[in-house]
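Notes for the structure review
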Amino acid sequence: MDLHTILTIQSIADLGQKVERNPDLFIEQVLANCNVYCVHGMNNANDAGVLARSIGTKKRLEITSQLSSDGVTGMRSARNLREFLAHPDDIKTLGVGEAFYLDKPNKKFARVKIKQL
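1. Things to note about the overall build of the chain
For the chain, the helix and strand inventory stands at 4 helices and 5 strands. Listing each helix as α and each strand as β along the chain from the N terminus yields α-α-β-α-β-β-α-β-β. By the compact-globule yardstick of 13 Å for 117 residues, the chain is too spread out, its C-alpha radius of gyration being 19 Å. On the principal axes, the C-alpha backbone points of the chain span a range of 65 × 45 × 35 Å. Per-residue burial for the chain yields a buried fraction of 26% across its 117 residues. Of the contacts formed within the chain by residues at least 6 apart in sequence, a portion of 47% connects residues at least 24 apart. For the chain, the accessible surface area stands at approximately 9200 Å², while carbon and sulfur atoms represent 51% of it. One finds the centroid of the 16 positive side-chain charges in the chain at a distance of 6 Å from the centroid of its 13 negative side-chain charges.

2. A look at the pattern of salt bridges
This structure, assessed with the given rule, holds 6 salt bridges. Across the pair Arg60 and Glu83 runs a salt bridge whose closest N-O atoms are separated by 2.7 Å. Here the residue Arg60 occupies a position in strand β2 (residues 57–68), and Glu83 occupies one in strand β3 (residues 71–84), the gap between them amounting to 23 residues. Given the relative accessible area of 33%, Arg60 is considered partly exposed. Via salt bridges that share partners, Lys58, Arg60, Glu62, Arg79 and Glu83 belong to a single interconnected network.

3. Structural notes on the sheet that holds strand β5 (residues 108–113)
Backbone hydrogen bonds are what pair the strands of a sheet, in a parallel or an antiparallel way. Taking strand neighbours across the sheet as the criterion, the 3 strands line up as β1-β4-β5 in an open arrangement whose pairing is antiparallel. Pairing within the sheet leaves two strands with one partner each, and these edge strands are β1 (36–39) and β5. For this sheet, the mean angle separating the axes of adjacent strands, direction not counted, is 10 degrees. Note that strand β4 (residues 98–103) and β5 share 6 bridges and pair antiparallel. The residue of β5 that forms the bridge with Phe100 is Arg111. Along the sheet, helix α3 (residues 45–55) contacts β1, β4 and β5; its crossing angle with β1, the most-contacted strand, is approximately 145 degrees.

4. Regarding helix α2 (residues 23–32)
Those residues of α2 that sit buried are Ile27, Val30 and Leu31. Down the axis of α2, the sector holding all buried residues measures 95 degrees, keeping them to one side. Of the exposed residues in α2, the ones pointing more than 90 degrees away from its buried face are Glu28 and Ala32. Considering only its buried residues, α2 is in contact with α1 (13–16), β1 and α3.

5. Here's the deal with the side chain of Asp103
Within the secondary structure layout, Asp103 lies in strand β4. Buried and unpaired, Asp103 has no salt bridge, with Lys108 as the nearest side chain of opposite charge at 5.7 Å. If sequence neighbours within four positions are ignored, Asp103 has contacts with Asn35, Val36 and Lys108.

Quick notes on the rules
Residues numbered from 1 in each chain as written. Predicted model: local features only at pLDDT ≥ 70, side-chain atom pairs only at ≥ 80, totals over all residues. Heavy atoms only, no water. Helix = DSSP H or I, 4+ residues; strand = E, 2+ residues; numbered from the N terminus. Rg over C-alpha atoms; globule rule 2.2 N^0.38 Å. Buried < 20%, exposed > 50% of the residue type's maximum accessible area, 1.4 Å probe, protein only. Contact = heavy atoms within 4.5 Å. Areas by Shrake-Rupley, 256 points an atom, 1.4 Å probe, with all protein chains shown as cover. Lys, Arg positive; Asp, Glu negative; His and termini not counted. Charge placed at Lys NZ, Arg CZ, Asp CG, Glu CD. Salt bridge = Lys/Arg side-chain N within 4 Å of Asp/Glu carboxyl O. Pairing = 2+ DSSP bridges. Axes fitted to C-alpha atoms, helices over the stretch in contact; angles between N-to-C directions. Arc of directions from axis to C-beta.

In structure tokens:
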């Protein structure tokens with residue numbers, strides 16, 4: 001038997017509002033047990049950061065070129081980076097009807113726009 005719960009909040013702080021002892025731990029526990037996210041725009045930078053970290057990161061290869069006063073030298077370097085799937089700044093600037101959708105078990109992630117009626 002599967003049990004599914006839909007959790008909707010206006011702010012991350014809403015999760016810990018009535019928790020007397022260690023509300024931050026309760027918030028972490030709730031988010032750690034979420035496998036599917038539908039994140040709409042958040043105005044609070046802290047909330048956007050918490051959700052971005054909960055959604056996770058992906059690997060990216062960054063290639064740079066060396067420059068001299070004469071231009072490009074032809075020398076390059078590469079390094080592995082991790083970047084947010086949904087950056088906090090992108091979460092804060094989502095428009096009406098836009099959201100980041102993440103389904104961890106099925107490895108699906110997308111920025112979606114809900115068509116207005």
